[in-house]
Amino acid sequence: AKYTIVDQETCIACGACGATAPDLFDYDFEGLAFASLDDNEGAAKVPAELEMDLEDALDGCPTDSIKVAEQPFTPKEALGR
Ligand code: F3S
């Protein structure tokens, strides 16, 4: 299983992730991305059919702000939200 969050400390609101994986990433009022599955808590399992989109978004982020793990993220790791 995969879990994901966006580090909003380093996201530059480039908009690539939401274009690549519209079901996984959305933007806040500042244009900063967040994982839309669970409001960037990283505790919701990425649906298997979206794992490919996740990989593409991960590869496409210019600032490496998309974090992916095999385990749910802890609240402390869910940076910036
Ligand atoms: Fe931010 Fe990277 Fe998405 S810079 S908008 S997390 S592609």
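Residues numbered from 1 in each chain as written. Predicted model: local features only at pLDDT ≥ 70, side-chain atom pairs only at ≥ 80, totals over all residues. Heavy atoms only, no water.

Undergrad: What should I look at first to understand the site of the ligand in this one?
TA: Inspection of the region around the ligand gives 14 residues, with Cys-11, Gly-15, Cys-17, Cys-61 and Thr-63 positioned closest. Tallied by class, residues from the shell around the ligand come to 11 nonpolar, 3 polar and no charged. (Near = heavy atom within 4 Å. Nonpolar A, V, L, I, M, F, W, Y, C, P; charged D, E, K, R; others polar.)

Undergrad: In this structure, what is going on with the side chain of Asp-7? I would like to understand it.
TA: By secondary structure assignment, the location of Asp-7 is in the loop between β1 (3-6) and α1 (16-20). For Asp-7, which is buried and forms no salt bridge, the nearest opposite charge comes from Lys-67, at a distance of 5.0 Å. (Helix = DSSP H or I, 4+ residues; strand = E, 2+ residues; numbered from the N terminus. Buried < 20%, exposed > 50% of the residue type's maximum accessible area, 1.4 Å probe, protein only. Lys, Arg positive; Asp, Glu negative; His and termini not counted. Salt bridge = Lys/Arg side-chain N within 4 Å of Asp/Glu carboxyl O.)

Undergrad: When you look at the pairing of β1 in this model, what are you seeing that I'm missing?
TA: Regular strands show a simple pattern: their side chains alternate between the two faces of the sheet. Here β1 shows two buried faces, one formed by Tyr-3 and Ile-5 and the other by Thr-4 and Val-6. As defined by bridge partners, β1 adjoins strand β4 (residues 66-69) across 4 bridges and the pair is classed as antiparallel. Residue Tyr-3 lies in a different strand from β4, and its bridge partner there is Ala-69. (Pairing = 2+ DSSP bridges.)

Undergrad: For this particular structure, what's the right way to read the side chain of Lys-2?
TA: Mapping Lys-2 onto the fold places it in the segment before β1. In this structure the side chain of Lys-2 is engaged in a polar contact, spanning 3.1 Å, whose partner is the side chain of Glu-70. Contacts of Lys-2, omitting those with residues within four sequence positions, involve Ala-44, Lys-45, Val-46, Glu-51, Leu-54, Glu-55, Val-68, Ala-69 and Glu-70. (Polar contact = N/O pair within 3.5 Å; in protein donor to acceptor, adjacent residues only side chain to side chain. Contact = heavy atoms within 4.5 Å.)

Undergrad: Just checking my understanding: could you explain the nonpolar core for this structure?
TA: As a rule of thumb, nonpolar side chains are buried together in soluble globular proteins. With 15 residues, the main nonpolar core has Val-6, Cys-17, Leu-24, Phe-25, Leu-54, Ala-57 and Ile-66 as its most contacted residues. Mapped by element, the contributors of at least two residues to this core are β3 (33-35) and α2 (51-60). If sequence neighbours within four positions are ignored, Phe-25 has contacts with Thr-4, Val-6, Cys-17, Gly-18, Phe-34, Ala-35, Ser-36, Leu-54, Ala-57 and Ile-66. (Core = buried A, V, L, I, M, F, W, Y, C linked by side-chain atoms within 4.5 Å.)

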